[in-house]
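What follows is each chain in one-letter form.
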Amino acid sequence: MAQTMLESFVGAFGLRSNGSMAVDLVAGCPVSLNFGKRNVTVKTAMEKEQFEAVEDALNASLASSGIGKAIFDKGFVQFVLNRLDKAVEEYSALRGAIQTYIAPASSQLPCPACGMGSCDIAAFHDFSEDSLSSRNEFVRTHASCHAKIVEQSRTRISSGEGNYPLGILGAILGAVLVLAVSLLIVMLADTVFAILFAAVPFAAGMGYRLFKGPYGLKGILTIAVISILAFAGYIYIECSHFIAAYLETSIFYVMSQFEAVVQAAFSPEYLAEDWFQIISFVVGLVLSIIVNPASAKLALNDIQGFESMVLPLGNQELPQIIEQ
Ligand SMILES: [Zn+2]
């Protein structure tokens, strides 16, 4: 569904696409389109004051075509097209609104790399330096600034630069966070959500990347080892919890009896009781190794995907000059 929607948009508007998302230029205003299962999200950069100045008029013009109100977040205006059967028509109307209300302000936006104006291309810029999560947004920039940044990213990825100790910390935090939630559910509700265990290696991988752990084989090995250790730690605490409940004593007292708890927790009988969690965890581990958040090759492919959507601004931004 998402694929055919993307194709119909590319066909209808001549968009540039990397196969999973698409980009557009509306009167020189860079627009990115994300195709979800149930909606299409359209996003473009704008400053908050600029947005507030046109917000009411913009929303009023969208109302007649049935498009929901514009959402402003962190320097970007976002539109969600929820009716997939009408999405192409809605985007056509939205382009008109973008041209009228957003494109004039958009042309004044500076390059995020150097802060100067007169941008000459629209390209994906990595804003993850300003925030913790990875955030690539389609904005106006300079071809020279962009080339420099992309080259730096490529070098950083392939040379395995990064912060390994922080990456380890991030992986531990990610795994522990998910397991702590699982443990709380076991302790308070006496229920197990097996799916959570599959999420452990993914959370570890996200934490590792979030904290800028280096790409490469060392990365995925670290994520896998930390996930396994954290899962073993979880089994240890979970078993301590059950022993403590059975003996009606403190869990901390039980946990301090290291050898006895290890023997009980990692006995075939106890592990057999936890088979569902173990299978879920192993499936998650295998999937996360396949997906490999620390893969240099995949990270370079991502950059390549974004590079295939660079658009020259050309003379689209020069109407004022032509008028002179
Ligand atoms: Zn620049």
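Caption draft 1: Expanded view of the overall build of the chain. Each helix and strand in the chain was counted, giving 13 helices and 9 strands. Since a compact globule built from 324 residues should have a radius of gyration of about 20 Å, the 25 Å found for the chain marks it as more spread out than a globular shape. For the chain, the spread of C-alpha atoms along the principal axes amounts to about 85 × 45 × 35 Å. Residue burial in the chain is summarised as follows: out of 324 residues, 35% are buried. Intrachain contacts of the chain at a sequence separation of at least 6 include 68% that bridge at least 24 residues.

Caption draft 2: Main features of the domain arrangement of the chain. Structurally, the chain comprises domain 1 (2-156 + 302-323) and domain 2 (164-293). Taken over C-alpha atoms, the centre of domain 1 sits 40 Å from the centre of domain 2.

Caption draft 3: Highlighting helix H3 (residues 87-106). When the terminal C-alpha atoms of H3 are compared, their 24 Å separation across 20 residues is substantially less than the 28 Å that a helix rising 1.5 Å per residue should span. Residue Gln-99 marks the point of greatest curvature in H3, where the axis turns by about 45 degrees.

Caption draft 4: A look at the environment of His-241. Inspection of the secondary structure assignment puts His-241 in helix H7 (residues 217-247). For His-241, a count of 16 C-beta atoms within 10 Å gives the class partly exposed. With 55 residues separating them along the chain, His-241 and Val-186 place their C-alpha atoms 9.2 Å apart. Aside from chain neighbours lying at most four places away, what touches His-241 is Val-186, Met-187 and Ile-251.

Caption draft 5: Spatial organisation of the packing of helix H5 (residues 164-189) against H7. Following both chains from N to C, one finds H5 and H7 inclined at 30 degrees, their axes separated by 9 Å at the closest point. The pairing of H5 with H7 is recorded here as roughly parallel in orientation. Here the hand of the crossing between H5 and H7 comes out right-handed. Between H5, through Gly-167, Ile-168, Ala-171, Ile-172, Ala-175, Val-176, Leu-179, Ser-182, Leu-183, Val-186 and Met-187, and H7, the contact on the second element is made entirely by Gly-219, Thr-222, Ile-223, Ile-226, Ser-227, Ala-230, Tyr-234, Ile-237, Glu-238 and His-241.

Caption draft 6: Focus on the sheet that holds strand E7 (residues 121-126). Strand order in this open sheet of 3 strands is E8-E7-E9, and the pairing throughout is antiparallel. In this open sheet, the two strands that pair with only one neighbour each are strand E8 (136-141) and strand E9 (311-312). Strand direction decides the pairing type here: E7 and E9, joined by 2 bridges, are antiparallel. The residue bridging Ala-122 from the neighbouring strand is Leu-311, located in E9. The strands that helix H4 (residues 143-158) touches are E7 and E8; relative to E7, the one it contacts most, it runs at about 35 degrees.

Caption draft 7: Structural context of the pairing of strand E3 (residues 29-35). In terms of burial, E3 is largely enclosed, as 6 of its 7 residues are buried. Sheet analysis places strand E2 (residues 21-26) next to E3, joined by 6 bridges and oriented antiparallel. The residue bridging Ala-22 from the neighbouring strand is Leu-33, located in E3. Here E2 folds back onto E3 in antiparallel fashion, the turn holding 2 residues, of which Ala-27 has a positive phi close to 50 degrees. The pairing of E3 with strand E4 (residues 40-45) spans 4 bridges and is antiparallel. The partner of Leu-33 across the bridge, within E4, is Val-42. Connecting E3 to the next strand, E4, in antiparallel fashion are 4 residues.

Caption draft 8: Focus on the sheet that holds E4. The 6 strands are arranged E1-E2-E3-E4-E6-E5 in an open sheet whose pairing can be described as antiparallel. In this open sheet, the two strands that pair with only one neighbour each are strand E1 (16-17) and strand E5 (71-73). Against the sheet, H3 engages E2, E3, E4 and strand E6 (76-81), with an angle of about 10 degrees to E4.

Caption draft 9: Highlighting unusual backbone geometry. Non-glycine residue Ala-27 carries a positive phi angle of around 50 degrees. Inspection of the secondary structure puts Ala-27 in the loop between E2 and E3. In this model, Lys-212 sits at a positive phi of 65 degrees, which is unusual for a non-glycine residue. Checked against the element boundaries, Lys-212 lands in the loop between helix H6 (194-210) and H7.

Caption draft 10: Quick peek at the nonpolar core. Counting residues in each nonpolar core, the largest one holds 44 residues, and the members touching the most others are Leu-33, Val-42 and Ile-98. Tallying contributions element by element places H3 first for this core, with 8 residues. Those residues in contact with Val-42 that sit more than four places away from it in its chain are Val-31, Leu-33, Phe-79, Leu-81, Tyr-91 and Leu-94. Core analysis: the second largest hydrophobic core is formed by 30 residues, Val-178, Ala-199, Ile-226 and Ile-235 among them.

Parameters and conventions
Residues numbered from 1 in each chain as written. Predicted model: local features only at pLDDT ≥ 70, side-chain atom pairs only at ≥ 80, totals over all residues. Helix = DSSP H or I, 4+ residues; strand = E, 2+ residues; numbered from the N terminus. Rg over C-alpha atoms; globule rule 2.2 N^0.38 Å. Buried ≥ 20, exposed ≤ 12 C-beta atoms within 10 Å, placed from the backbone. Contact = placed C-beta atoms within 7 Å. Domains from an automatic or database assignment. Expected span 1.5 Å × (residues − 1). Bend = angle between axes of the 7 residues up to and from the residue. Axes fitted to C-alpha atoms, helices over the stretch in contact; angles between N-to-C directions. Parallel < 35°, antiparallel > 145°, perpendicular 65-115°, else oblique. Left-handed = near helix turned anticlockwise from the far one by under 90°. Pairing = 2+ DSSP bridges. Core = buried A, V, L, I, M, F, W, Y, C linked by C-beta atoms within 7 Å.

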